[in-house]
Amino acid sequence: MVTPDLSRWDWKDEDEYAHGRRLGVVREADHRAVEKAREEAVAMIEGGVGPFAAERGLGTWRYEPHWPDPQLPTGVLDLN
C-alpha cells in the first residue's frame, strides 16, 4: 500500500505470508522472487518512476465502481 504522495508505503498481509512460508506453501525459490519484486517495487516508489511517476497521476486515480471484479485463473490455488 502506497500513500498517494509516495511519502509512505507498507506491505499488506505480512502475517499470512509468513504463515505460508512456515507451512511450506511459499517455497524458497518463490520467496526469493517475491523479495526481488519487493526490492524493485520499493526502488520505483522511492524513485517516483514506473507506475509511481508523477505524470502517471497516482494521486488522482480512483476506482470505478462499474469495473468488473478481477478473476483468478482456473487452478491458480491448486497446490498439486
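Residues numbered from 1 in each chain as written. Predicted model: local features only at pLDDT ≥ 70, side-chain atom pairs only at ≥ 80, totals over all residues. Heavy atoms only, no water.

1. Quick look at the overall build of the protein
Phase 1 of the analysis: When its secondary structure is counted, the protein shows two helices and zero strands.
Phase 2 of the analysis: Relative to a compact globule of 80 residues, whose C-alpha radius of gyration would be 12 Å, the protein shows 16 Å and is clearly more extended.
Phase 3 of the analysis: With the principal axes as the frame, the protein shows a C-alpha extent of 45 × 30 × 20 Å.
Phase 4 of the analysis: Looking at the protein residue by residue over its 80 residues, the buried ones come to 12%.
Phase 5 of the analysis: Long-range contacts, defined here as pairs at least 24 residues apart, represent 40% of the contacts in the protein between residues at least 6 apart.
Phase 6 of the analysis: Here the protein has roughly 7,000 Å² of accessible surface; of this, 56% comes from carbon and sulfur atoms. (Helix = DSSP H or I, 4+ residues; strand = E, 2+ residues; numbered from the N terminus. Rg over C-alpha atoms; globule rule 2.2 N^0.38 Å. Buried < 20%, exposed > 50% of the residue type's maximum accessible area, 1.4 Å probe, protein only. Contact = heavy atoms within 4.5 Å. Areas by Shrake-Rupley, 256 points an atom, 1.4 Å probe, with all protein chains shown as cover.)

2. A look at the packing of aromatic side chains
Phase 1 of the analysis: Following the criterion strictly, the structure yields two aromatic pairs and no others.
Phase 2 of the analysis: Taking 5.7 Å as the distance between ring centres and 90 degrees as the angle between the ring planes, the aromatic pair formed by Y63 and W67 counts as edge-to-face. (Phe/Tyr/Trp six-rings, centres within 6.5 Å; stacked < 30°, edge-to-face > 60°.)

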